Amino acid sequence: MTTALKVNGKAVSLEADTDKPLLWVLREDLALTGTKYGCGIGACGACTVHVNGVAQRSCVLPLAGAADAAITTIEGLSADGTHALQQAWQALDVPQCGYCQSGMLMAAAALLASNASPTDADIDAAITNLCRCGTYVRIRAGIHRAAATLRGEVV
Amino acid sequence: MDGTQGVTRRGVLKTLLAGSGVVMFGIGLPTREAAASAGSEVTSWVLIHPDNRVVIRIPQTELGQGVTTALAQVLAEELDLAWGEFDTEYYDAQTNLQRNNVYVHTSTLASWAVDKLFEPMRVAGAQVKHMLCATAAQDWGVDIASLSIAQREVRHAASTRAAGFGALAARAAELPIPAADALTLKEATHWQLIGKSMPRVDTRAKTTGAAIFGIDVALPGMKYAAVRQSPTFGGRLKGFDASGVLKRAGVREVVAIRGGPSGYNVPPTLWDVIDWQMDDAVAVVADSWWQAQQALNELPIEWEPGPQATADSAGIDQRLGAALDTAGQLTREEGDIERAFAAAERRVEAEYRYPFMEHAPLEPMNCTALVTAGGVEAWAPTQYADEALRIAAYAAGVALKDAKFHLTLSGGGFGRRLSNDFVSQAVQVAKALPGTPIKLISSREECMRRGYYAPVARARLRAAIGPDGLPTAWHSKVAYGRAPVQPYGMSRFPWAVPNVRCEYATVDSPPPFGWMRGVAHAQSLWMNTAFLGEIAAATGKTSLAMQRLLLDEAHVTTDRPDHDDAVARIRRHRDLLERVVARAGAETLAAPGHGRGFAVTDMSYVPGYYASCVAMAVDVAIGEDGDIRVLAVHAVADVGLAVNPDIVTAQIQGGIGFGLSNALNAQITLKDGQVEQANFNDYPLLTLAEMPTVDVELLPASGRPTGIGEDAVPVVMAALVDAVRAAGAAGIRSLPLRSRKSA
């Protein structure tokens, strides 16, 4: 059956099994491979995207559950890699292997959208994504830096 | 030296292109052929395009450790390139094979990338510089010494003449490559890039979703494969009933995969021998990976479980214990421990256990492969592309010359991708569907249950204590599961003890062996350090006080054959230990339930092997529920020359996260022949909330660069265990700490 979505601002109409997780729809049907598969059980967060502005693990979200929703993936976080978080990530060289970072950035973007000045405890609670390279120190610093930028502070 | 000296590089390139047979264009990936056809390969290391674009070839896998940036930095330095004046691409394994290992060191392991490639890549940069300048010197009739390079131009200051790299490259490529000893490399005082924290070349793509990992490779008409290996190690495939799943939407084929070689340096002659490297498997091919995996979950498969059908962790532990009860291979002996034990005031004994651990890189194992009448072409994130090429050719049943392998970005590795099981599997599936590109992805569950785990280990230590409270004898015996000989972990401790014996044994255990980041140092340093802490406690000292007493060169016995090496190591370890004590600010933490622990080691494998050295202080708090919170880590590192200090710092920060994750949580167990863990719900990784603050000091640059990819892992694990002891939880005898058994 046909499912309608809005992905990164564009209307999309898909013929796909509505049980198919959104992750695989994005990667296979829409060629948006920035969103990653890491566990398939919603544990690692590499597949995090925004569904109507809320960070969600797309590996456990069936396409049916995303019908008519506005989806934002890492490719749509900014037009040219200049979201405050992306700039902070680049300034601090946050990524190592980089595989988890799309999900990290999407989770962090959702946090900053609702909390302009997250504390370390807020970050601890909001960022439950896993990074095996251990870039957590810089992820935390990157979120603080981006938050400061968005508040208009000079970093 | 370039193995193609005497033959023109462009000639070789043309031959390669003609012979490969499976060149593909227009697939949306930067292929070597497409790149090479537009530029001049001045040497195997550097490609220059007519528009002056310079491409530096990287003969190591980017796993996140920053090799692409650091190695490019080294070559760019000698070629007088400014940052941003070059691109990078991976070396080509087939080229390396045909040119007699021109890339010198291509397996990505043992923290060797910069260690082994620093000089070759400096020389490579200087060679290209010389060849470009020699071309311009000929054109202008001037002395090559009067030329310089800036902004990708060769310039002659006296006449203000300048020629772009692009205009010179094709003719430069025809010149003989100068020998390394005919070149003068830059003095360190003139370095513009080496030693500076240049920004990583791959960060931007990794923040926009543009970075293409192996799992992201896309080919026209590609189908997806999900794979399941025998659930028991050494099991054989008896059969499957595909009739049901072939009716499912999107499912195309079910393919049997034969077990065989897949691992590090396995000679490709063992195909019909079950050698534990990779077992029989079944793959389902479908239009979508999700469809394939769903179908695989439903597929009735019959396995012959094999000789390890009843293996379990308790039985393996018993076998390790039995090995400890018999004499092992002697790996270190100094003095006379028996006499020291006979004369001892008292003795201390303890046993330590280390479980199987899975590397768990976040990108699951995967490979994309295409088999045609012309040969095989494969794409994968692997830590050993040369081996992947051999495995691909072997699995496809084609001559090595008819195989092409494309190395991709890798979503972590940590040693797991030294085995190329996924390449063999994907190529076997592709062979069953000739002409159809197959992307094979292992589910997380498959990765977890069929890993190449760091081997299980059990060690028995005993010490004789003299009247002054210092150990007079140290006797360790370690038994590993299936593993090559790796005694250094237990035996290379730097401490001055007059009588030492170290013994080593391995027992058969079902899973195949894997090296994991930190290797046997990560398995053993915490054991040795914890035992030293037990000796200290038995003699009324702090662990730190005992470390200091044994890091005293005055105690090194003079008749040791490696006396000078031992003294040098003691001085260096002691220096770093004192530095980290000073940096942390105090020897102990006063708050109840809090503890500060210390550890220091180099990653030396044998006497005379010089490696980086790292010391750490780890602060923990143990809650009323007994859970361990890691609060802060201070680290001081001597890596010789840090080519890129910020990347070195990142490796230490990340290594701390990796080591803490393993020490706190990691454990693979077997029951009824099968791995009990399946995913991150029962094999938890460290979370952001659990990550301590990290403070890193690098000693000023000196000498040559030594590796840093692994060093933080053993040190943080050992300092953590020491800190937990300092916080009051005595008698740590096994990892992971969160399922610890106290003595």
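Residues numbered from 1 in each chain as written. Chains lettered and ligands numbered in written order. Predicted model: local features only at pLDDT ≥ 70, side-chain atom pairs only at ≥ 80, totals over all residues. Heavy atoms only, no water.

Side note on the overall build of chain A
Piece 1. Along the backbone of chain A there are 6 helices and 5 strands.
Piece 2. For chain A, the N- to C-terminal ordering of α and β elements is β-β-α-β-β-α-β-α-α-α-α.
Piece 3. Radius of gyration (C-alpha) of chain A: 15 Å, near the 15 Å computed for a compact globule of 155 residues.
Piece 4. By principal-axis analysis of the C-alpha atoms, chain A measures approximately 50 × 30 × 25 Å. (Helix = DSSP H or I, 4+ residues; strand = E, 2+ residues; numbered from the N terminus. Rg over C-alpha atoms; globule rule 2.2 N^0.38 Å.)

Focus: the packing of aromatic side chains
Residue and element names in this part refer to chain B.
Piece 1. The final tally for this structure, using the stated rule, is 20 aromatic pairs over all chains.
Piece 2. Taking the centre distance of 4.9 Å and the plane angle of 45° together, the rings of Trp474 and Phe493 count as tilted. Of this pair, Trp474 sits in strand 20 (residues 471-480) while Phe493 sits in the loop between helix 14 (488-491) and strand 21 (499-506), and the two are 19 residues apart along the sequence. Of the two residues examined, Trp474 and Phe493, each falls in the buried class.
Piece 3. Judged by centre distance (5.2 Å) and plane angle (80°), the rings of Trp474 and Phe531 are edge-to-face. Of this pair, Trp474 sits in strand 20 while Phe531 sits in helix 15 (residues 519-538), placing them 57 residues apart in sequence.
Piece 4. One aromatic cluster in this structure is built from Trp474, Phe493, Trp495 and Phe531.
Piece 5. Taking the ring centre of Phe341 as reference, the NZ or CZ of Arg462 above it sits at 3.9 Å.
Piece 6. Taking the ring centre of Phe658 as reference, the NZ or CZ of Arg517 above it sits at 5.3 Å. (Phe/Tyr/Trp six-rings, centres within 6.5 Å; stacked < 30°, edge-to-face > 60°. Buried < 20%, exposed > 50% of the residue type's maximum accessible area, 1.4 Å probe, protein only. Lys NZ or Arg CZ within 6 Å of the ring centre and 35° of its normal.)

Considerations on the interface of chain B and chain A
Piece 1. Taken together, the 60 residues of chain B in the interface contact 46 residues of chain A.
Piece 2. Our count for the contact surface shared by chain B and chain A stands at 3 salt bridges.
Piece 3. There are 27 residue pairs in polar contact (both at pLDDT 80 or more) connecting chain B and chain A.
Piece 4. For the side of chain B that touches chain A, the secondary structure elements donating two or more residues are helix 7 (205-208), helix 8 (289-298), strand 18 (438-441), helix 13 (444-449) and helix 18 (645-665) of chain B.
Piece 5. For the side of chain B that touches chain A, the element with the most residues is helix 18 of chain B, which contributes 10 residues.
Piece 6. Residue composition of the side of chain B that touches chain A, grouped by class: 27 nonpolar, 22 polar and 11 charged. (Contact = heavy atoms within 4.5 Å. Salt bridge = Lys/Arg side-chain N within 4 Å of Asp/Glu carboxyl O. Polar contact = N/O pair within 3.5 Å; in protein donor to acceptor, adjacent residues only side chain to side chain. Nonpolar A, V, L, I, M, F, W, Y, C, P; charged D, E, K, R; others polar.)

Focus: the domain arrangement of chain B
Residue and element names in this part refer to chain B.
Piece 1. Domain boundaries in chain B define domain 1 (9-194), domain 2 (216-307 + 365-441) and domain 3 (313-358 + 453-742).
Piece 2. For domain 1 versus domain 3, the separation of C-alpha centres amounts to 42 Å.
Piece 3. Contacts between the two partners involve 16 residues from domain 1, matched on the other side by 15 residues from domain 3.
Piece 4. With both chains or domains summed, domain 1 and domain 3 bury close to 1,200 Å², and 60% of this area falls on carbon and sulfur atoms.
Piece 5. Together, Gln65, Ser111 and Asp115 form the three largest contributors to the area buried by domain 1 at its contact with domain 3, with a combined 39%.
Piece 6. Taken together, domain 1 and domain 3 are joined by 1 salt bridge.
Piece 7. Between Asp115 and Arg704 there is a salt bridge, with its nearest N and O atoms 3.0 Å apart.
Piece 8. The biggest single contributor to the side of domain 1 that touches domain 3 is helix 3 (residues 67-78), with 4 residues.
Piece 9. Considered class by class, the residues forming the side of domain 1 that touches domain 3 number 9 nonpolar, 6 polar and 1 charged. (Domains from an automatic or database assignment. Buried area = accessible area lost by both parts, 1.4 Å probe.)

A few points about the confidence of the model for chain B
All names here are of chain B.
Piece 1. Looking at chain B, pLDDT values average 92 and 93% of them are 70 or higher.
Piece 2. Of the regions scoring below 50 in pLDDT, residues 1-36 engages in 74 contacts with residues more than four places distant in sequence or in other chains.
Piece 3. Taken together, the chains of this predicted complex give a pTM of 0.94 and an interface ipTM of 0.99. (pLDDT = per-residue confidence, 0-100.)

Quick notes on the pairing of strand 19 (residues 457-465) of chain B
Residues and elements named next belong to chain B.
Piece 1. Counted residue by residue, strand 19 has 7 buried out of 9 residues, so it is predominantly covered.
Piece 2. Sheet topology places strand 14 (residues 346-354) next to strand 19; 9 bridges connect them, and they run antiparallel. Note that in strand 19 the partner of Val348 across the bridge is Ala463.
Piece 3. Pairing of strand 19 with strand 20 involves 9 bridges; the strand directions are antiparallel. Its bridge partner being in strand 20, Ile465 is matched across the sheet by Pro471.
Piece 4. In this structure, the hairpin formed by strand 19 and strand 20 is closed by a connection of 5 residues, where Gly469 is found at a positive phi of approximately 85°. (Pairing = 2+ DSSP bridges.)

Focus on the sheet that holds strand 3 (residues 54-58) of chain B
All names here are of chain B.
Piece 1. One open sheet holds the 4 strands; their spatial order is 1-2-3-4, and the pairing between them is mixed. On the outer flanks of this sheet lie strand 1 (40-43) and strand 4 (87-90), each paired with one strand and no other. On average, each strand axis in the sheet is tilted by 30° relative to the strand beside it, whichever way the strands run.
Piece 2. Sheet topology places strand 1 next to strand 2 (residues 46-48); 3 bridges connect them, and they run antiparallel. (Axes fitted to C-alpha atoms, helices over the stretch in contact; angles between N-to-C directions.)

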